[in-house]
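# Fold and contact review
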Amino acid sequence: MKIAGNQGKFNRLFYTTLTLISAILLGSFGKIFESNNNTALAEESIPVSGSGDAQLQPILQSLTEFMRYRCVGAAVLGVSVKGKPVGVWGLGRMKDRSTLNANPACGDDMQTPLSAIVPADTPMRMGSISKPVTFAMVRWALKQTARDRAGLELTDEQIEGMKLFDPQHYPPLIPGLNKQYPVAIIPEKLHAVFSGKVKFPVAIKDRNCSNLNSGFADKQWQNVTLGHLLSHRSGLQRSAPRYGQDVTANLPVLRNLKTAADFQSQEQLLINEWGNKSVSSAKNQLSIPPNAGYFLPSPNLEETMLVLAGRCLQYPLGQYHYSNTSPAFPTIIMQQLVASGRYAAKTGKPETHQGSALELFFKTELGIPTAANKGIFMTQEVENFSSREPEKRHWNGKNYYGKGWDLKRPHCIWKGNFCDFSSWINTKPGRINWSWNLSQVLFSRRNTDLSPGTGSLAAEAGVFLKFMSQYWVGGYENNPRIGEKRNNVWNRYTAHNGALDGTHAWAIQLGGKNNPKEWKLPPVDDGGHILDDFANLKMYAGVLPDGVDIFVAVNQRADKKCVEAKGYNCGDAYGLLDNFILYGASRVNWNRVAPSAVVK
């Protein structure tokens with residue numbers, strides 16, 4: 001039987017909206033320090049909702065200083081001590097600038113009315129912090145299935161040690177037991193290609209390493225374990241194959257489409273789901289006669305990995321190299337093991353969150369009920385979806401809300417004996433978007449749901465603190481700790497960040513001898529305020545506590561000031577977010593922080 005969950009109970013924390021810590025109102029947040037003229041300009045305080053221990057004011061101060069200097073519109077912050085929440089806040093506003101008299105150098109339209117204040121339970125996209133969630137989920141799914149199907153109690157080491165593409169064993173052997181895993185965890189077609197039993201379907205020209213002239217997947221795959229993928233040590237390159245040229249353009253090969261009738265059958269799948277009117281309207285907008293071109297369902301994750309089999313593994317097995325493709329096979333494993341076959345909700349179908357691996361894991365393992373826009377979920381990158389997330393921002397040289405062509409509705413033009421995707425790849429005359437219209441969409445709504453476990457999860461700070469209290473968010477060693485249960489260990493440091501256009505986030509678990517002891521920051525004045533001088537960084541030292549977890553996320557990773565700066569760039573500036581938070585944490589009197597301070 002595949003995994004399916006029972007309804008759990010969870011007592012949610014309710015935070016008092018617009019409760020401001022009195023210390024914040026004393027003026028700490030009311031000034032911005034301009035390094036170019038040393039003049040302090042009085043400004044409206046960044047609005048803060050939620051509640052928490054008043055001792056945590058230094059962290060809030062550091063975060064609001066970062067927001068002001070970096071023109072951030074919205075942020076969330078959560079802090080817990082040994083698994084007990086001591087503060088959860090929303091900061092700024094749901095769209096545009098955070099204050100009425102924000103710095104004009106930020107580039108915001110100062111005439112736009114202020115939007116709603118960010119509630120404390122606002123979900124924020126996390127970027128690559130999605131990975132520790134994915135890795136915790138795959139450990140859970142593999143252990144639970146082994147228990148249910150074969151009565152086996154597997155350890156993390158046994159899970160990590162399974163060779164996923166062993167040509168001699170399908171399913172893989174479980175280390176130490178000399179038994180095969182009770183069910184297949186990799187689809188048979190994928191296993192046959194990556195284990196070298198059959199040739200890969202598509203060859204990719206790769207400037208990073210030699211091409212695979214044999215036609216078979218790199219032999220190194222035959223020794224890749226789940227642990228190698230969890231620790232980024234399989235040899236994968238950082239990025240996946242190109243979505244358009246490498247994957248979408250090869251859909252005819254991947255799906256064995258040869259005739260016009262084959263392509264018509266693909267389009268019929270979309271007609272069955274979305275209606276003939278939508279598809280016909282899209283063709284009319286592109287000036288495509290009825291039988292002169294076809295829309296196809298987007299590539300799925302398995303098809304993408306079949307394409308990836310056609311390029312080599314760039315690095316030796318066991319050598320660390322971060323890869324955004326590493327979560328792909330763990331995601332596929334979960335899709336194999338849960339009854340729904342889904343990691344999260346499908347794009348444009350929020351109701352399919354129920355029964356997904358994500359929903360089941362948080363309900364059964366953490367007692368947290370979730371929904372398609374509540375708790376933790378895959379952010380829906382489509383128009384006309386009622387999202388609780390702040391509008392994502394990214395300075396593009398003109399404004400924070402640039403537009404681009406959507407990737408979700410590929411089409412090709414029939415050329416007599418093949419279907420040509422070049423007009424779609426080259427966006428001439430453009431691309432049909434998710435809503436079946438020939439128009440560009442906001443940059444935050446143009447991507448696919450190809451691998452949500454890589455970087456497209458969004459979470460409420462309070463919910464993610466609960467996850468952090470039970471699971472490690474980092475640890476890419478040879479024996480990977482990431483995603484393992486924490487078991488009430490509070491004296492170990494680990495962290496993970498996430499960064500995409502429209503988000504920059506950190507999950508930090510403080511504790512033990514490896515806690516950061518110093519960090520780079522812009523200059524700090526005699527009152528402990530960080531100044532707006534990102535081109536003149538200095539080292540600062542401090543002492544950090546054990547057992548403190550911090551989750552912070554902002555809704556952008558680029559602003560007009562850093563794009564136009566001479567002495568630093570946006571990567572440098574937003575890369576200091578964790579240092580701002582750690583500096584604030586080092587100024588807290590943790591002996592006086594009471595977990596009971598959070599309203600329940």
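Read on for a plain summary of the structure. Only a predicted model underlies this, so the values are computations on that prediction, with no experimental measurement involved.

Another point: the overall build of the protein. When its secondary structure is counted, the protein shows 18 helices and 20 strands. The globule rule puts the C-alpha radius of gyration for 600 residues at 25 Å, and the 25 Å found for the protein is close to it. By principal-axis analysis of the C-alpha atoms, the protein measures approximately 70 × 60 × 45 Å. Going through the 600 residues of the protein one by one, you find that 58% of them count as buried. In the protein, of all internal contacts separated by at least 6 residues, the share reaching a separation of at least 24 is 73%. Looking at the protein as shown, the accessible area adds up to about 23,900 Å², and 48% of this sits on carbon and sulfur atoms.

We now examine helix α9 (residues 276-285). Turning to α9, its buried residues number three or more, namely Val-279, Ala-282 and Lys-283. Down the axis, α9 shows its buried residues gathered within 100 degrees of arc, on one side only. Exposed side chains of α9 directed beyond 90 degrees from the buried face belong to Lys-277 and Asn-284. Structurally, α9 contributes buried residues whose contacts are with α8 (260-274) and β9 (293-295). Looking one or two places after α9, you find Ser-287, whose phi comes out positive at around 60 degrees.

Turning to the pattern of salt bridges, a few remarks are in order. Where charged atoms from two side chains of opposite charge approach closely, those side chains can pair. Using the criterion set out here, one finds 24 salt bridges in the structure. Residue Arg-388 pairs with Asp-121 through a salt bridge whose shortest N-O separation is 3.6 Å. Within this pair, whereas Arg-388 is found in the loop between β10 (376-378) and β11 (403-404), its partner Asp-121 is found in the loop between β5 (84-92) and β6 (123-125), the two being separated by 267 residues in sequence. With a relative accessible area of 25%, Arg-388 lands in the partly exposed category. Of the charged contacts, one joins Arg-125 and Glu-381 as a salt bridge, the two residues approaching to 2.6 Å between their closest N and O atoms. Of this pair, Arg-125 sits in strand β6 while Glu-381 sits in the loop between β10 and β11, placing them 256 residues apart in sequence. The class for Glu-381 is buried, based on a relative accessible area of 5%. Linked by salt bridges that have partners in common, Arg-139, Lys-143, Asp-156, Glu-160 and Glu-484 make up one network.

Criteria and cut-off values
Residues numbered from 1 in each chain as written. Predicted model: local features only at pLDDT ≥ 70, side-chain atom pairs only at ≥ 80, totals over all residues. Heavy atoms only, no water. Helix = DSSP H or I, 4+ residues; strand = E, 2+ residues; numbered from the N terminus. Rg over C-alpha atoms; globule rule 2.2 N^0.38 Å. Buried < 20%, exposed > 50% of the residue type's maximum accessible area, 1.4 Å probe, protein only. Contact = heavy atoms within 4.5 Å. Areas by Shrake-Rupley, 256 points an atom, 1.4 Å probe, with all protein chains shown as cover. Arc of directions from axis to C-beta. Salt bridge = Lys/Arg side-chain N within 4 Å of Asp/Glu carboxyl O.

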